[in-house]
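Structural characterization, general
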Amino acid sequence: MKYVLKTSAPQKQAFDLTRELNPQQIAVVQAPPRELLVLAGAGTGKTRTLIYRVARLVAAGCHPERILLCTFTNRAAREMVSRVEGLLGVDMRRCSAGTFHHIGNRVLRRHGQAIGLSPDFGILDPEDARTLLASVITELGIEALTARRFPTPKVLASLIGLASGTRQPLEKVVEQHALKLLDQAGLMTKVAGRFAERKRAMNVVDFDDLLGSWLRLLEDPATSTVADELRASYDHVLVDEYQDINALQGALCDAMARDHRSLTCVGDDAQSIYSFRGADFTQIAAFRARHPQADIFKLTINYRSTPQILALANRSIAHNRSQYPKELTAVKPPGAVPAVIPLRDVFQQAEFVAQRVLELHHEYDMPLARMAVLYRNHSHSLELQVELTRRQIPFTVRSGLRFFEQAHIKDVCAYLRARQNPQDALSWVRLLRLWPGVGAQTAEQLATLLAQAGRDHATSAQRLAEQAALARGRARDALTRLAELWAILEDPALQNPGDMIRRVVERHYGEYADRNFPNAAARKDDLEQLAGYAERYPAASEFLGELALVQGISAENVLGAEAPDDMLVLSTIHQAKGLEWPVCFVLWLAEGRFPMATALRQPSDIEEERRLFYVAATRAGDELYMSYPVIEETRDGPSHMLRPSKFLIEIDTQPAVFDRWQIEEAPADPVPG
Ligand code: ATP
Ligand code: MG
């Protein structure tokens, strides 16, 4: 029997473009479906224009499932698609919208058989991939061969990912990003090959493969029939945030659009901030080179920010040489002049933000969710998180985990906890597991033993030394070193928690971080920040008490206590891409922190840091506050002065684009009643 299923043919609904878009934007929306690039500055409506282009295609009869929309996050994709639904009143659920990874997954489920993947393939998340890499390393006997010099699975995984994303041989990537490991490159390539074999045998792919295998399917002559079929299932490809795609993703866009040539890309080279992941704003230039016939569109009207904020952003980005020059004009009426606020120290900086947020909230009815605090580095939000907690201002941390919930912070705090309270078996387990040669079971046994210490007046250091004597191999070395470290930590002369953190990092954790985190430098930076924060407390117990408080609040949220609807947003600038808030604070604009000294490895890096500043400033609609602490206290040396960021100094010319605020301190108003 034949049964006809009526497809929900998109109803054509007229919507009036001229009321929603300006003529530049309309030109993009109505451009014939060919390769086209919209190269335009922040807040000019690139994302909005893309939404309307999709809507127009659907309104003109294109079925949603024949549209491929690539975005930076799946959340952004959902928002865009639901805007289209709102405009047209059609069901857009079958539109292929999402990140490249998300779409790659779908493509491979349908067509992966051509390259030997059965449709039920499994996906290794990054942690699984590292476990498999570790097993390959053991299988090839590499640990025994090279001992310490071979990279950890984590570092190796990120290098393999970079090679895949930039479409370069692994060796080249090692040369560019991990020169110290170059003598291991041959072995690393061997591991990578075996790793790929193992994945194939297990019918699994990792995140890199979701893109890599997709491209292979499209490019391999042996699978050309399937590739044609895949290409033919879409009529249009549209890409947001094109400046942050890598070479592999650029190739995917081209390959998918090869036949119909309807490829709409929008981006802003001034906002390219992911080069550390292999994204490369020269992809924009590469696009023009690959598609010389492509139409290039510009959008020059900014709808997001006041003219004052825009003037500041424009003046800053003009210092970048390798940028397509763009001047933006604002449509918003003039507003407040952006403020630069030097503050005594980080604590005063946190107090300033908290007070100003409350003022805007209570006196000007500004919802908390319409304000954001942005920073270069996750660790820059540390004091603020404590201050907000203390004042009970609800906040959400968009940049992933709250500062104190990150693995490296918890690892080091476990040392302080176990020292403070040797009965804390959980902390013992956590820190013991960090040592090579100490497995889960040993850690549990040792923790139980150590948690009983004190009863016979033996110190933990003595206990550890005893256990070291009983152990063998790597565990023996590890426990011996741990016992030495513990003797230092238990020394009554050592009372300051900041110093304790430093000893732990020097004697163990720094090395651990080097071996285990691809971003070890940033993690160690965090830990130094943590030490600087902790040293304010006279004793570890007080520091740990404060920490428990901050964590208690977040645990409450996890446990389902109602999260308030209206929350201040805290985010790294990287995570704030594409978003906007009427009020933005940018913290820590001190030289060395933003631009971040350790991020400046090559001369071009300062331009990437400046783009990051540009992204931060252009998130703000009406008010922009940029602050930095003037004095940084160090306990051992004299406290030293911090200089304002060069990003502030270089724009401090006439006519002024910011106002410098001077902070005076006054006693708080008495609480009424
Ligand atoms: P970014 O570079 O930060 O990603 P963008 O170029 O994608 O920014 P959008 O986020 O699309 O810019 O738009 C910025 C703001 O301006 C949004 O609030 C959007 O709704 C508004 N906007 C854009 N174009 C218009 C217009 N023609 N009329 C009214 N509002 C507009
Ligand atoms: Mg956008």
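One can find the structure itself at the top, above this paragraph.
Read on for an overview of the structure. (Residues numbered from 1 in each chain as written. Chains lettered and ligands numbered in written order. Predicted model: local features only at pLDDT ≥ 70, side-chain atom pairs only at ≥ 80, totals over all residues. Heavy atoms only, no water.)

**Topic: the overall build of the protein**
Heads up, the condition is: In DSSP terms, a helix is any run of H or I states spanning at least four residues, a strand is any run of E spanning at least two, and both are numbered starting from the N terminus. Put simply, the radius of gyration uses C-alpha atoms, and a globule should come to 2.2 Å times the residue count raised to 0.38. Think of it in three bands: residues with accessible area under 20% of the maximum for their type are buried, residues over 50% are exposed, and the middle band is partly exposed, with areas taken using a 1.4 Å probe on protein chains only. Contacts: residue pairs with any heavy atoms within 4.5 Å of one another. Surface accessibility follows the Shrake-Rupley procedure with a 1.4 Å probe radius. Residue values consider only the protein chains on display as shielding. Counted as positive: Lys and Arg. Counted as negative: Asp and Glu. His and the chain ends are not counted at all. Positions of charges follow a simple convention, taking NZ of Lys, CZ of Arg, CG of Asp or CD of Glu.
Scanning the protein for helices and strands turns up 27 helices and 19 strands. Taken over the C-alpha trace, the protein has a radius of gyration of 28 Å; the compact-globule value for 673 residues is 26 Å, and the two agree within 12%. If you line up the protein on its principal axes, its C-alpha atoms span 80 × 70 × 55 Å. In the protein, which comprises 673 residues, the share counted as buried stands at 52%. Nonlocal contacts in the protein, meaning residues at least 24 apart in sequence, comprise 77% of its contacts between residues at least 6 apart. Of the roughly 31000 Å² that the protein leaves accessible, carbon and sulfur atoms contribute 52%. Distance between charge centres in the protein, computed from 79 positive and 83 negative side chains, equals 6 Å.

**Let's talk about unusual backbone geometry**
Look at the link from F594 to P595: it is a cis peptide, with omega at 10°. Secondary-structure assignment places P595 in the loop between strand 15 (581-586) and helix 26 (605-617). The residue E241 is not glycine, and still its phi comes out positive at about 55°. With a phi angle near 60°, Q392 is a residue other than glycine that sits in the positive phi range. Tracing the backbone shows Q392 in the loop between helix 17 (382-390) and strand 13 (395-397). Given the relative accessible area of 71%, Q392 is considered exposed.

**Observations concerning a nonpolar patch on the surface**
Keep this limit in mind: Patch membership is restricted to residues that have no salt bridge and whose relative accessible area is over 30%. Joining uses 9 Å for like charges and 5 Å for the nonpolar side chains Val, Leu, Ile, Met, Phe, Trp and Tyr. Salt-bridge detection follows one rule: a side-chain nitrogen of Lys or Arg within 4 Å of a carboxyl oxygen of Asp or Glu.
On the surface, a nonpolar cluster with roughly 520 Å² of combined accessible area is contributed by M1, Y3 and L5. When you line up the elements, L5 lands in the segment before helix 1 (17-20). Of the residues examined, L5 reaches a relative accessible area of 66% and is grouped as exposed.

**A few points about the packing of helix 6 (residues 126-139) against helix 10 (residues 185-202)**
Applicable threshold: Axes here refer to lines fitted to C-alpha atoms; in helices the fit is confined to the stretch in contact. Angles between the N-to-C directions go from 0 to 180 degrees. Here the angle decides the label: under 35 degrees means roughly parallel, over 145 means roughly antiparallel, 65 to 115 means roughly perpendicular, and every other value means oblique. Crossing handedness: left-handed means the near helix sits turned counterclockwise from the far one by under a right angle, and right-handed means the same turn made clockwise. Each residue gets one label: Ala, Val, Leu, Ile, Met, Phe, Trp, Tyr, Cys and Pro are nonpolar, Asp, Glu, Lys and Arg are charged, and the others, such as Gly, are polar.
The contact between helix 6 and helix 10 brings their axes to 10 Å, and the two run at 120°. By the angle between their directions, the pair helix 6 and helix 10 is classed as oblique. Crossing of helix 6 over helix 10 shows right-handed handedness. Taken together, the residues of helix 10 that come into contact with helix 6 (itself represented by A129, L132, L133, S135, V136, I137 and E139) are V191, R194, F195, R198, K199 and M202. Among the residues making up the contact of helix 6 with helix 10, the classes are represented as 8 nonpolar, 1 polar and 4 charged.

**Points about the nonpolar core**
The following threshold applies: The term nonpolar core refers to a set of buried residues drawn from Ala, Val, Leu, Ile, Met, Phe, Trp, Tyr and Cys, joined through side-chain atoms within 4.5 Å.
By size, the foremost hydrophobic cluster in this structure holds 67 residues, and its most contacted members are L312, V373, L568, L570, L624 and M626. In terms of nonpolar packing, the next biggest core, distinct from the first, is built from 53 residues, V412, A414, Y509 and A531 among them.

**Quick look at the packing of aromatic side chains**
Selection criterion: Here is the rule: rings of Phe, Tyr and Trp (six-membered ring for Trp) pair when centre to centre is within 6.5 Å. Planes less than 30 degrees apart are stacked, more than 60 are edge-to-face, and the remainder are tilted. Ring-over charges, as used throughout, are those where CZ of Arg or NZ of Lys falls within 6 Å of the ring centre and within 35 degrees of the ring normal.
For the coordinates displayed, the defined rule picks out 18 aromatic pairs. A ring pair is formed by F352 and W661, whose centres lie 6.1 Å apart and whose planes are at 90°; its orientation type is edge-to-face. Here the residue F352 occupies a position in helix 16 (residues 346-363), and W661 occupies one in the segment after strand 19 (659-660), the gap between them amounting to 309 residues. F352 gets classed as buried once you look at its relative accessible area, which sits at 11%. One aromatic cluster is present, formed by F347, Y533, Y537 and F543 through successive ring pairs. One Lys or Arg, R523, reaches over the ring of F517 and ends 3.8 Å from the middle of that ring. Sitting above the plane of the F72 ring, K577 keeps its charged end 3.5 Å from the centroid.

**Comments concerning the pattern of salt bridges**
As enumerated under the stated definition, the model contains 42 salt bridges in all. Put simply, R94 and E65 hold a salt bridge, and the shortest N to O gap is 2.8 Å. Of the two residues, R94 sits in the loop between helix 4 (74-88) and strand 3 (96-98) while E65 sits in the loop between helix 3 (46-59) and strand 2 (67-70), which places them 29 residues apart along the sequence. Notably, a salt bridge pairs D259 with R231, separated by 3.5 Å at the nearest N-O pair. Of this pair, D259 sits in the loop between helix 13 (247-256) and strand 7 (263-267) while R231 sits in helix 12 (residues 224-232); the two residues are 28 residues apart in sequence, bridging distant segments of the chain. Under the relative-accessibility criterion, D259 is labelled partly exposed at 46%. Several salt bridges converge on common partners, so that one network encompasses E139, R194, E197 and R198.

**With respect to the sheet that holds strand 1 (residues 36-39)**
As a general point, the strands of a sheet are linked pairwise by backbone hydrogen bonds and lie either parallel or antiparallel. What counts is decided by this rule: Each pair of strands is called paired provided DSSP finds at least two bridges between the two strands.
With respect to topology, 6 strands assemble into an open sheet ordered 3-2-6-7-1-8, the strand pairing being parallel. Every interior strand has two partners, whereas the edge strands, strand 3 and strand 8 (295-297), have only one. In this sheet, adjacent strand axes meet at a mean angle of 10° when their direction is disregarded. Looking at chain direction, strand 2 and strand 6 (residues 236-239) are connected through 4 bridges and run parallel. Note that in strand 6 the partner of C70 across the bridge is V239. Set on the sheet, helix 3 makes contact with strand 1, strand 2, strand 6 and strand 7; between it and strand 6 the angle comes to about 165°.

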